[in-house]
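# Inside the fold
One-letter residues, chain by chain:
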Amino acid sequence: MALLELIDLSKNYKEIEVLKNISLEINNGEFLTLLGPSGCGKTTILRLIGGFEEPSSGKILLDGQSIDQLPSHKRATNTVFQSYALFPHMSVFDNIAFGLKMSKTPQDEITRRVNEILETVQLSEHAHKKPSQLSGGQQQRVAIARAVVNKPLILLLDESLSALDYKLRKEMQIELKMLQRKLGITFLFVTHDQEEALSMSDRIVVMNKGVIEQIGTPKEIYEEPKTIFVAKFIGEVNTFECTLISQNDQEAIVQYEDKSFMLKTAKTISHDVNILIRPEDLRVERKFEDVRSPNYFQTTLEQISYKGTTIDLVLKLKNGNIILASEFYNEDSDALGYTIGETLYVYWVDGWEVILDAE
Amino acid sequence: MLNNSLSRFAIVSIGIIFVWIVLFAFLPQLLVFIASFLTKGSQQMIEFEGNLENYTRLADPIYLKIFWDSFVLALITALLCLVIAYPFAAILARTSVQWRPILLILIIIPFWTSSLVRTYALIAIIKTKGLLNALLLWLGIISAPLELMYTETAVFIGMVYTLLPFMILPLFASIEKIDPRLLEAAGDLGAGFWNKLVKITIPLTMPGIIAGFMLVFLPALGMFYIPDLLGGAKNLIIGSFIRNQFLTFRDWPFGSAASMLLTFLMLALVAVYYRSQKVVESKDSA
Ligand SMILES: Nc1ncnc2c1ncn2[C@@H]1O[C@H](COP(=O)(O)OP(=O)(O)O)[C@@H](O)[C@H]1O
Ligand SMILES: [Mg+2]
C-alpha cells in the first residue's frame, strides 16, 4: 500500500485553478521528485500535504488515514522550506531540537538525537552558532537536519538545493541521496532542475500548469516521454511534425516535408504525428555511403561546440529548420575536424525515435 | 545643487529642532536642576542658599511611598497595556493590507484631541449616571449602576485608554516583521498556537515589547491628571506631588528635587532600555 496518496486533489486561489485533479501515490522509502517549470504548482502540492493550505477538493491519505482535517502540527510530515525558515533567535542545536521538544521527547534523548544528526550533516562544531553565522550550504543542512531528526513518515523538500551554487549543489545532491538511504525516510522532493531530478529520483512526476504530464522512472521519462512537453522539458529534443501516409501492424510510413520515413512500430498512429529524437540518438556521417538507415537528412553544419564529453553540432535542414546532434567525443572521432558550412548526413537508428500523436 | 539645498534644508530643520530643545526642554530642566539645590524663601520664591536638604527630605518614608506607589501604578498600567495591546497588534498585523491603514488611523485619531479633554470624556462615560451604566442597565447586564469613579479601576481604565496606542504601534511594527514562514515551520515541527506564541512570536517581538513597555511606563510614571480626575487623588503619586509643591505649597526647590529624582529614574530606565536593545540586536546578529 502506498504511504501517501493524493486522490483527485484540486486547489483554487479565488478563480485561478492552480492544481487540477492531481492523483499520485508515493511508496514507502521512495525518493519521488516533482519536476516542472516555475509556477506549475509544485510548492502548492507540498503545502497541501504539509497542512499549510486546504485543498479545494480531493483527499490526502497518509499511511491509509485521511489527514485533511489535521492541522500541520499534528501531521507526521516535515518540511524543508525553500527559504530554510530557520529560527533566527535560536542556536543551530535549538533549531534542530525544536520538533523533539514539541513532541515532549525526554531531554537526554533530545541531546543524543540532535548530536547524532549534527554529526551526520557535519555541523557538530557549529551547534552553538546562530543560523545567521552560517553559510548558505550550512543553513541548508540545518534545515534538513531540523526536519529529519523528527523521523517523519515523509519528508517534503521544496527546491532545497536551488539556492546553492553549482558545485555545492552537486555535492549536496549526493549527500542528500545518501542521507535518504541511511534514514530510510520517504522523500518528496521538488525541483525545476531536470538534471537534478534525473540523477536523484526513484520516480519523477513531471508537472505543467497544475496537471501531471507523466509519472515514471528517470529512464522512462527520458526515453519514453508521453507528451511533447515532457520530452522538451527533460533535455534537448528534435521534433519533426509529420503526417501519416500508411500503416500496417509492423510499420508506419510518415511524411516530413518532401521526405518519407519508415517507422517500425505496432502502435496505431493518428494522422498528425510528431517524431522526437534526442540529439545523442542522431548519427552524423560525412559520406552518404556510411548512412545506415533510410531515415536520414542531408544537412549543412551551422555551428560546432566542444562540451568536454560531447561535441554538439547545430545542423540546418534543406527547409531551413535547425536540428541538434551531439556526439560522444573520443580521440579518433571525426567530429572535431568538421568545418562550418560542410554537408553532413544525419540519420537515426531504427526504433530510437519517440512517436507522439500531435495534440 | 539638489544635494546642496537638501543638506541646507537638513541643517536648518535640525537647527530649529535643536534650538527648540535647548530653549524649551534643556534650559527649564537646568533651572529645575539648579533650583533643587536652593532653599525655599519666605519673601521670594527661592533664596540663593545652596544645600542638599531638598534631597535628604525626599528620603522620608512618606515620600518614598509616593515614588513606590507611582512606580507600581506605572508598572501595572504598562503590563495591562501589553496584555491588551498584544492580541490587538497581532490581529492588526494579520489584517489585509487594504484595511490596515483604516485601523491604524482609528488608533491614531485620539492623539488629535488633548488627553485631558479625553479624560473628561471618559468621566462622562464611566460616572455613576454615565453612558456605560446607562447602557449596561438598559441591556440588563447589571441591576444597579457600577460605582467606578474614584476607584483604582477607574484610574487604570483611564491610564490604559490614554497610553494604549503607544504600546500597540511598536508591537504592531515588530509583529508585522516576522516572516510568516517561521510560524509555518514551527507548526510543521509540531508547535500549536501557544508554543508558536511563546517560542517564536514573543521572542522575535522582544524589541517591540520593550519599546512599547518604555513608551507606556515612562509617561505613566509622571502622569498626574488622570489619577487625580478619575481616582479622586486618594493616593498621592509623584506627578501630583510635584505639582502640589509648585502650585499649592510654593516650595519650588523641594518640588524641583522631586522632579529631578523622577528624571534620573527615567534616565536610568532609558539606559537599561538601550542596553537591552543592544543585547537583543547582538543576539540577532551573533
Ligand atoms: N496564496 C496564493 N494566492 C494566489 N495565487 C497563488 C498563491 N500561492 C501560489 N499561487 C499561484 O499558484 C501557482 C503555483 O504556485 P507554486 O505552487 O508556488 O508553483 P511552483 O512551486 O511550482 O513554482 C502560481 O501561479 C502562483 O502564482
Ligand atoms: Mg515553488
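These numbers come from a predicted model, not from an experiment.

### Here's the deal with the overall build of chain B
Within chain B, the regular secondary structure consists of 13 helices and two strands. On the principal axes, the C-alpha backbone points of chain B span a range of 75 × 70 × 40 Å. Taking all 286 residues of chain B together, the buried fraction comes to 39%. Summarising the internal contacts of chain B: among those between residues at least 6 apart in sequence, 67% fall at separations of at least 24. Accessible area of chain B: about 16,700 Å², with a carbon and sulfur share of 74%. Between the centroid of the 19 positive side chains of chain B and the centroid of its 15 negative side chains there is a distance of 6 Å.

### Quick look at the site of ligand 1
All names here are of chain A. Taken together, Tyr 13, Val 18, Pro 37, Ser 38, Gly 39, Cys 40, Gly 41, Lys 42, Thr 43 and Thr 44 make up the full set of residues near ligand 1. In the model, an oxygen atom of ligand 1 is placed 3.2 Å from a nitrogen or oxygen of the Cys 40 main chain. Contact distances for ligand 1 include 2.9 Å between an oxygen atom and a backbone N or O atom of Lys 42. Among the elements that take part in the shell around ligand 1, helix α1 (residues 42-50) stands out by supplying three residues, more than any other.

### Some points on the packing of helix α4 (residues 100-108) of chain B against helix α7 (residues 152-177) of chain B
All names here are of chain B. At a closest axis distance of 10 Å, the pairing of α4 and α7 adopts a crossing angle of 155°. For the element pair α4 / α7, the angle class is roughly antiparallel. As α4 runs across α7, the sense of the crossing is left-handed. For the pair formed by α4 and α7, the contact residues are Arg 100, Leu 104, Ile 107 and Ile 108 on the first element and Pro 165, Ile 168, Leu 169, Phe 172 and Glu 176 on the second.

### Brief notes about helix α9 (residues 193-204) of chain B
Here α9(B) contains 12 residues, and its C-alpha end-to-end distance of 15 Å stays within 8% of the 16 Å for a straight helix at 1.5 Å per residue. On its buried face, α9(B) sits against α2 (92-102) of chain A together with α3 (61-94), α8 (180-188) and α10 (206-222) of chain B.

### Describing α7(B)
Along its 26 residues, α7(B) runs 36 Å from first to last C-alpha, staying within 8% of the 38 Å computed at 1.5 Å per residue. Helix geometry: α7(B) is bent most strongly at B:Leu163, by close to 45°, with proline B:Pro165 lying one to four residues after it.

### Describing the sheet that holds strand β10 (residues 211-216) of chain A
All names here are of chain A. With mixed pairing, six strands are arranged side by side in an open sheet as β6-β7-β8-β3-β9-β10. Of all the strands in the sheet, just β6 (77-80) and β10 have a single pairing partner and so form its edges. Put simply, the sheet's adjacent strands are angled 20° from each other on average, direction ignored. Taken together, the four bridges between strand β3 (residues 31-35) and strand β9 (residues 203-208) define a ladder with parallel strand orientation. Bridge assignment links Leu 32 to a residue of β9, and that residue is Arg 203. Here helix α4 (residues 136-148) sits on the sheet and contacts β6 and β7 (154-158); the angle it forms with β6, its principal contact strand, is near 175°. Sitting on the sheet, helix α5 (residues 166-183) is in contact with β3, β7 and β8 (186-191), with an inclination near 160° to β8.

### Some words on the packing of aromatic side chains
Residue and element names in this part refer to chain A. One pass over the full model with this rule turns up 28 aromatic pairs over all chains. With centroids separated by 5.6 Å and ring planes inclined at 45°, the aromatic side chains of Phe 31 and Phe 189 adopt a geometry described as tilted. You can see Phe 31 sitting in strand β3 and its partner Phe 189 sitting in strand β8, a full 158 residues away along the chain. Owing to a relative accessible area of 0%, Phe 31 belongs among the buried residues under this scheme. Using a relative accessible area of 0% as the deciding quantity, one classes Phe 189 as buried.

### Quick word on the nonpolar core
Counting 57 residues, the largest nonpolar core has B:Leu58, B:Leu171, B:Leu230 and B:Phe241 as the members making the most contacts within it. With 13 residues, α3(B) is the single largest residue contributor to this core. Counting residues in hydrophobic clusters, the runner-up holds 35 residues, among them A:Leu86, A:Ile117, A:Leu134 and A:Val149.

### Re the side chain of A:Thr77
Inspection of the secondary structure assignment puts A:Thr77 in strand β6. The exposure class assigned to A:Thr77 is buried, which follows from its relative accessible area of 0%. When near neighbours in sequence (up to four residues on either side) are disregarded, A:Thr77 contacts A:Ile49, A:Gly50, A:Leu62, A:Pro152, A:Ile154, A:Leu156 and B:Asp188.

### Structural notes on the interface of chain B and chain A
With 20 residues of chain B at the contact, the number on the chain A side is 23 residues. Around 1,900 Å² of area is buried between chain B and chain A when both sides are counted, 61% of it from carbon and sulfur atoms. Considering only the surface of chain B that becomes buried against chain A, B:Glu184, B:Asp188 and B:Leu189 emerge as the three largest contributors, covering 35% of it. Between chain B and chain A we count one salt bridge in total. In this structure, the connection of chain B to chain A is made through five residue pairs in polar contact (both at pLDDT 80 or more). Those elements giving two or more residues to the side of chain B that touches chain A turn out to be α8, α9 and α13 (252-285) of chain B. Sort the elements by how many residues they give to the side of chain B that touches chain A and α8(B) lands first, with seven residues.

### Considering the pattern of salt bridges
Residues and elements named next belong to chain A. Applying the stated rule across the entire model yields 22 salt bridges over all chains. Glu 195 serves as the salt-bridge partner of Lys 170, at 3.0 Å between the closest nitrogen and oxygen. Taken together, the positions of Lys 170 in helix α5 and Glu 195 in helix α6 (residues 194-200) put the pair 25 residues apart, joining distant regions of the chain. On the basis of relative accessible area, Lys 170 is assigned to the partly exposed category, the value being 25%.

What counts and how
- Residues numbered from 1 in each chain as written.
- Chains lettered and ligands numbered in written order.
- Predicted model: local features only at pLDDT ≥ 70, side-chain atom pairs only at ≥ 80, totals over all residues.
- Heavy atoms only, no water.
- Helix = DSSP H or I, 4+ residues; strand = E, 2+ residues; numbered from the N terminus.
- Buried < 20%, exposed > 50% of the residue type's maximum accessible area, 1.4 Å probe, protein only.
- Contact = heavy atoms within 4.5 Å.
- Areas by Shrake-Rupley, 256 points an atom, 1.4 Å probe, with all protein chains shown as cover.
- Lys, Arg positive; Asp, Glu negative; His and termini not counted.
- Charge placed at Lys NZ, Arg CZ, Asp CG, Glu CD.
- Near = heavy atom within 4 Å.
- Polar contact = N/O pair within 3.5 Å; in protein donor to acceptor, adjacent residues only side chain to side chain.
- Axes fitted to C-alpha atoms, helices over the stretch in contact; angles between N-to-C directions.
- Parallel < 35°, antiparallel > 145°, perpendicular 65-115°, else oblique.
- Left-handed = near helix turned anticlockwise from the far one by under 90°.
- Expected span 1.5 Å × (residues − 1).
- Bend = angle between axes of the 7 residues up to and from the residue.
- Pairing = 2+ DSSP bridges.
- Phe/Tyr/Trp six-rings, centres within 6.5 Å; stacked < 30°, edge-to-face > 60°.
- Core = buried A, V, L, I, M, F, W, Y, C linked by side-chain atoms within 4.5 Å.
- Buried area = accessible area lost by both parts, 1.4 Å probe.
- Salt bridge = Lys/Arg side-chain N within 4 Å of Asp/Glu carboxyl O.

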